[in-house]
Amino acid sequence: MELLTAYYDDAIDPTTRDAVRAHLSCCADCRGYEAQFRATVRALGDQPAEPPPAAMRTRLLAAFRERRAGRLADS
C-alpha cells in the first residue's frame, strides 16, 4: 500500500513496479485499496489548484531556504 503513490507517479524502478503489479493481482485487500486510491485521485485530480494562504507560503519558502542552506553548508 505504501508504494501506490510512487507506483502511480511512476517513481519506482521497473522491478518494484512489477512486484506491485504482481501483488495487486493476488491481494484482494490491496486491490480494494488501490480502487479507492484511484477514485480519490480522479475526484481530486480535477480540482483547480489553489495557492496556499500567504502566511503558509512564507513559512514554507523559509523552511525550503533553510533546508537548502543546510545542505549547501554540509557540502
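For the structure itself, consult the block above.
First things first, this report covers the structure right here in the doc. (Residues numbered from 1 in each chain as written. Predicted model: local features only at pLDDT ≥ 70, side-chain atom pairs only at ≥ 80, totals over all residues. Heavy atoms only, no water.)

Things to note about the packing of helix α2 (residues 14-26) against helix α3 (residues 28-45)
Argument step 1. In contact at an axis separation of 6 Å, α2 and α3 are set at 110 degrees when each is read in the N-to-C sense. The pairing of α2 with α3 is recorded here as roughly perpendicular in orientation. Side by side, α2 and α3 meet where His23, Leu24, Ser25 and Cys26 of the first sit next to Ala28, Cys30, Arg31 and Glu34 of the second.
Argument step 2. In terms of residue class, the contact of α2 with α3 is built from 4 nonpolar, 2 polar and 2 charged. (Axes fitted to C-alpha atoms, helices over the stretch in contact; angles between N-to-C directions. Helix = DSSP H or I, 4+ residues; strand = E, 2+ residues; numbered from the N terminus. Parallel < 35°, antiparallel > 145°, perpendicular 65-115°, else oblique. Contact = heavy atoms within 4.5 Å. Nonpolar A, V, L, I, M, F, W, Y, C, P; charged D, E, K, R; others polar.)

Structural notes on the nonpolar core
Argument step 1. Counting 8 residues, the largest nonpolar core consists of Leu4, Tyr7, Ile12, Val20, Leu24, Cys27, Cys30 and Phe37.
Argument step 2. Put simply, the parts of the chain that give this core at least two residues each are α1 (4-8), α2 and α3.
Argument step 3. Beyond its immediate chain neighbours, meaning those up to four positions away, tyrosine 7 contacts Ile12, Arg17, Val20 and Arg21. (Core = buried A, V, L, I, M, F, W, Y, C linked by side-chain atoms within 4.5 Å. Buried < 20%, exposed > 50% of the residue type's maximum accessible area, 1.4 Å probe, protein only.)

The values reported here are purely geometric and, on their own, carry no functional implication.
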